[in-house]
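Below are the chains, spelled out letter by letter.
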Amino acid sequence: MSSSQLDLTVGVLGTQVPVESDTIRWMDGHTTVLPLVSSGENANVCDSVDIPIIKFLAEFPTSTSTSDNVLHLTNDVLEKDDILHMVSRALSANQAVVIRGKEQDRLDIDLSAEYLEKQFAISPNRPVCIHDVMIRSKDHVHPTKSGSVKSFFDAMNDPTKIQCILDLPLAQVALPKSLLQIDHGLVYGWNETTHVVPITTRIHPENFTVKGWGMVHHAGFLTYPHHDAAGTLTWIQMEVGVKLWVYFRPRGRQHDRSHLQNIATRLVNFMEHTEWLKSHCNAEVITLLPGDILIQPPCMMHAVYTPIASFATGGHFYHYGCMHLTELARYIDIEVADSTTNQNLAHALETIRRMVIAIPYLSRNIMLFTRPLLSICMMAMKSIQYRAKGSSQRSVRDTETAQPSIDISDVILEYLGVSQWVSASYVLYQGNQFSPGESIDRDALDRVLKAHFLSSSLFPFTSIMGFAPHGRSIVADGDLSYLLSVSSSWCAAIQPPHITLMSSTPSPLQPLCGSPAFPFPMGIKGQLALGALSDTLDTISRYS
């Protein structure tokens, strides 16, 4: 890289930031501006927090191909057959993944409202929420104002303003084709379960809108240390400009959850804990250029400095191999989500529960590991306990996925050694919290699922609708000699051999058990209430 490419102050000083702005040199050789926004007293509002953090970040080494924490790949790997496996294993082991763009991607592009409209169909008139450095200096909890894409770009060449737009919904953007299947929440959780558990309640749109978005920044914007909300993985593709992406790692004690939470909370209060953080954290800097793709696992604390005007696309997703990191992030956010994340998301529970429901159907190509499997079951069962601080009650509301995911989780947790004497949290909190643990024996897990549901006559998710062949009633007149089996999971009707019971929706465990099912309505725990039994018999009689 030439010296002119390393100097990122060219074209910025005196146009997008004040000409008197200071500069700083990073470990990889880049020279960038330091932010300057003057208050009414001619003081720089960035002096107290932003600049000290940027100087701290600039001291860390550049991430290289020898890094233990970041997997560096070249663009040609996107053509390899094992790219999904390669990236998935790295993410599961708590490694970020960088895929460098091709040289022809790194062209000088004039970032403008016209560019966004032409390339991404973003209207200049689109209403947006704008993060403003001056407002943030006065109220870091509410640092935004309303505006439009046009007003944001009008302010880009105003040296008195530094702003960004963090969330431009772009449903049309996606990862390269060879990586599309890495979104397990969408590909398996949603695609493979809506037949057996139809969507009957209002679903939060964030289950889908977080899949694609854009973010655009003025020169000199610092995104404070945080991890991404709701325990999601995140992918980023640089379209225009440069970002200096800094990852933080604890120096040891990776088995200690309290210590990991302590690091997260102290990073977001950097100015009060500077010396402590210097002695307890390592970090490395990834320079993202146009065409580069970055995929980061959940719970990875990071800060980002944008030295020149930039635009990036990205999205959030979930992955079976990273559920232990999702759980850890959500565990931390129970108490401190209002400071450790930079947005509120309300979609986690529904997607996670559908991922649990999909487990009996998963292809053997999807590797499962002990810690992520344990984690996803805990999150499905203990929804209220994982409600992030400051989030809405709606984020943990039960829907049609609640009971089936909980019952499947019960079986899996027992398989993993959880019992009334050994709690799931006790098992999960042992050992390296970033490690996925041992791989799961899929044959053994499938046998456990099949044996449990077959022996208990439990066939979830089936509705009480349908018709017997040849016009026969579902329950023959005067012949209600069937057995009601009441379990702690489902209330299942077991018919005598001469009575044919049919269901409009096949049981999701039918491939495991090999027969149809006809359960009473789901979600009934313990004894079947007399009112519910009466309603069920009324339903049966209507088909008699």
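These figures come from a predicted structure and were not determined experimentally.

*Asks:* I would appreciate a short explanation of the side chain of E350 in the present structure.
*Replies:* Looking at the element boundaries, E350 is found in helix α12 (residues 348-358). A relative accessible area of 9% places E350 in the buried class. Setting aside its immediate chain neighbours within four residues, E350 contacts W190, I203, N207, T399, E400 and T401.

*Asks:* Would you take a moment to explain the sheet that holds strand β4 (residues 96-99) for this structure?
*Replies:* Pairing is mixed in the open sheet, where nine strands are placed in the order β3-β4-β13-β10-β15-β8-β7-β5-β6. Each of the sheet's edge strands pairs with one partner strand only, and the pair in question is β3 (70-73) and β6 (144-148). Averaged over all pairs of adjacent strands, the angle between strand axes in this sheet comes to 25°, irrespective of strand direction. Together, β3, β4, β10 (233-240) and β13 (293-296) form the strand contacts of helix α3 (residues 83-92), whose direction differs from that of β3 by roughly 155°. Contacting β10 and β15 (310-317), helix α4 (residues 113-120) crosses the sheet at an angle of about 45° to β15.

*Asks:* Help me out: how do you make sense of the nonpolar core in this one?
*Replies:* Most often, soluble globular proteins keep nonpolar side chains buried together rather than apart. In terms of nonpolar packing, the biggest core is built from 48 residues, with W26, I54, L57, V133, F248 and Y305 touching the most fellow members. At the level of elements, α2 (50-58), β7 (163-169), β9 (221-226), β11 (243-250), α9 (257-267), β12 (281-288), β14 (302-306) and α11 (323-340) are the ones that each hand at least two residues to this core. Here the element with the most residues in this core is α2; it accounts for six residues. Not counting the four nearest positions on each side in its chain, W26 is found in contact with T32, I54, L57, A58, L244, V285 and Y305.

*Asks:* Would you mind going over the environment of L57 with me for this structure?
*Replies:* The residue L57 is located in helix α2 in this model. For the pair formed by L57 and Y247, sequence separation is 190 residues and the distance between their alpha carbons is 9.5 Å.

*Asks:* What's the story with the sheet that holds β12 in this structure? I'm lost.
*Replies:* Each strand in a sheet pairs with another by means of backbone hydrogen bonds, the pair being arranged parallel or else antiparallel. Across the sheet, four strands lie side by side as β9-β14-β11-β12; this open sheet has antiparallel pairing. Each end of this open sheet is capped by a strand with a single partner; those strands are β9 and β12. Strand after strand, the sheet turns through a mean of 15° between neighbouring axes, direction not considered. The pairing of β11 with β14 spans four bridges and is classified as antiparallel. Note that in β14 the partner of L244 across the bridge is Y305. Against the sheet, α2 contacts β9, β11, β12 and β14, and its axis sits at roughly 75° relative to β9.

*Asks:* Explain the packing of α12 against helix α13 (residues 370-381) here, please?
*Replies:* Pairs of packed helices are described in terms of their axes, by the angle between the two and the distance that separates them. Relative orientation of the contacting elements α12 and α13 amounts to 125°, with a least axis distance of 9 Å. Looking at the two axes, α12 sits oblique to α13. In this structure, α12 meets α13 at a crossing whose hand is left-handed. Residues L349, I352, R353, M355 and V356 of α12 touch α13, and the partners they reach there are I376, M379 and A380. Among the residues forming the contact of α12 with α13, the class breakdown is seven nonpolar, no polar and one charged.

*Asks:* Even after reading the chapter, I still don't get helix α14 (residues 402-415), so can you show me in this structure?
*Replies:* The periodicity of an α-helix, 3.6 residues per turn, causes residues three or four positions apart to be oriented the same way. When the terminal C-alpha atoms of α14 are compared, their 20 Å separation across 14 residues agrees well with the 20 Å that a helix rising 1.5 Å per residue should span. Counting buried residues along α14, eleven of its 14 residues qualify, which places the element largely inside the surrounding structure. What α14 keeps buried is the set A402, Q403, P404, S405, I406, D407, I408, S409, V411, I412 and L413. Just downstream of α14, G417 is the residue with a positive phi angle, here 100°.

*Asks:* Please clarify how the packing of aromatic side chains should be interpreted in this entry.
*Replies:* Applying the stated rule across the entire model yields ten aromatic pairs. Look at Y115 and F120: their rings are 6.2 Å apart centre to centre, the planes differ by 65°, and that puts the pair in the edge-to-face class. Members of the aromatic cluster, joined through ring pairs, are F56, F60, F248 and F270. A cation sits over an aromatic face here: R136 above F221, 4.8 Å from the ring centre. The ring of Y331 carries the charged tip of R257 above its face, separated from the ring centre by 4.6 Å.

*Asks:* Just checking my understanding: could you explain α4 for this structure?
*Replies:* Inspection of α4 places A113, Y115, L116 and F120 among the buried residues, and these make up the whole buried set. Down the axis of α4, the smallest arc covering the buried residues is 160°, so these residues share one side. Facing away from the buried side of α4 by over 90 degrees, the exposed positions are E114 and K118. As for α4, its buried residues are in contact with α6 (149-154), β10 and β15.

*Asks:* How do you make sense of the environment of R387 when you look at a structure like this?
*Replies:* Structurally, R387 is set in the loop between α13 and α14. Expressed as a C-alpha distance, the spacing of R387 and I334, which sit 53 residues apart in the sequence, is 5.9 Å.

*Asks:* I keep staring at unusual backbone geometry and nothing clicks. Help me out?
*Replies:* Working note: non-glycine residues mostly have negative phi, and peptide bonds are mostly trans. Backbone geometry places A121, a non-glycine residue, at a positive phi of 55°. With respect to the secondary-structure elements, A121 resides in the loop between α4 and β5 (127-132). For A121, a relative accessible area of 60% translates into the label exposed. Of note in the backbone geometry, C299 takes a positive phi value of approximately 65° without being a glycine. Structurally, C299 can be placed in the loop between β13 and β14.

*Asks:* How should I be thinking about the pattern of salt bridges in this particular structure?
*Replies:* Between side chains of opposite charge, pairing is possible as soon as their charged atoms come close. Across all of its chains, the model carries twelve salt bridges by this definition. The partner of R136 in a salt bridge is D50, with the nearest N and O atoms 2.9 Å apart. Of the two residues, R136 is situated in helix α5 (residues 133-138) and D50 in helix α2; the sequence distance between them amounts to 86 residues. Judged by relative accessible area, D50 falls into the buried class, the value being 4%. Close ionic contact of E350 with R354 constitutes a salt bridge, the shortest N to O distance being 3.9 Å. Residue E350 and its partner R354 are both found in helix α12; the two are separated by four residues, about one turn of the helix. The burial state of E350 is the same as that of R354; both residues are buried.

*Asks:* Would you explain the state of the cysteines in this entry?
*Replies:* This model, assessed by the stated rule, comprises zero disulfides. No disulfide involves C164; its sulfur sits 9.0 Å from that of C129, the nearest cysteine.

Definitions and cut-offs
Residues numbered from 1 in each chain as written. Predicted model: local features only at pLDDT ≥ 70, side-chain atom pairs only at ≥ 80, totals over all residues. Heavy atoms only, no water. Helix = DSSP H or I, 4+ residues; strand = E, 2+ residues; numbered from the N terminus. Buried < 20%, exposed > 50% of the residue type's maximum accessible area, 1.4 Å probe, protein only. Contact = heavy atoms within 4.5 Å. Pairing = 2+ DSSP bridges. Axes fitted to C-alpha atoms, helices over the stretch in contact; angles between N-to-C directions. Core = buried A, V, L, I, M, F, W, Y, C linked by side-chain atoms within 4.5 Å. Parallel < 35°, antiparallel > 145°, perpendicular 65-115°, else oblique. Left-handed = near helix turned anticlockwise from the far one by under 90°. Nonpolar A, V, L, I, M, F, W, Y, C, P; charged D, E, K, R; others polar. Expected span 1.5 Å × (residues − 1). Phe/Tyr/Trp six-rings, centres within 6.5 Å; stacked < 30°, edge-to-face > 60°. Lys NZ or Arg CZ within 6 Å of the ring centre and 35° of its normal. Arc of directions from axis to C-beta. Salt bridge = Lys/Arg side-chain N within 4 Å of Asp/Glu carboxyl O. Disulfide = S-S within 2.5 Å.

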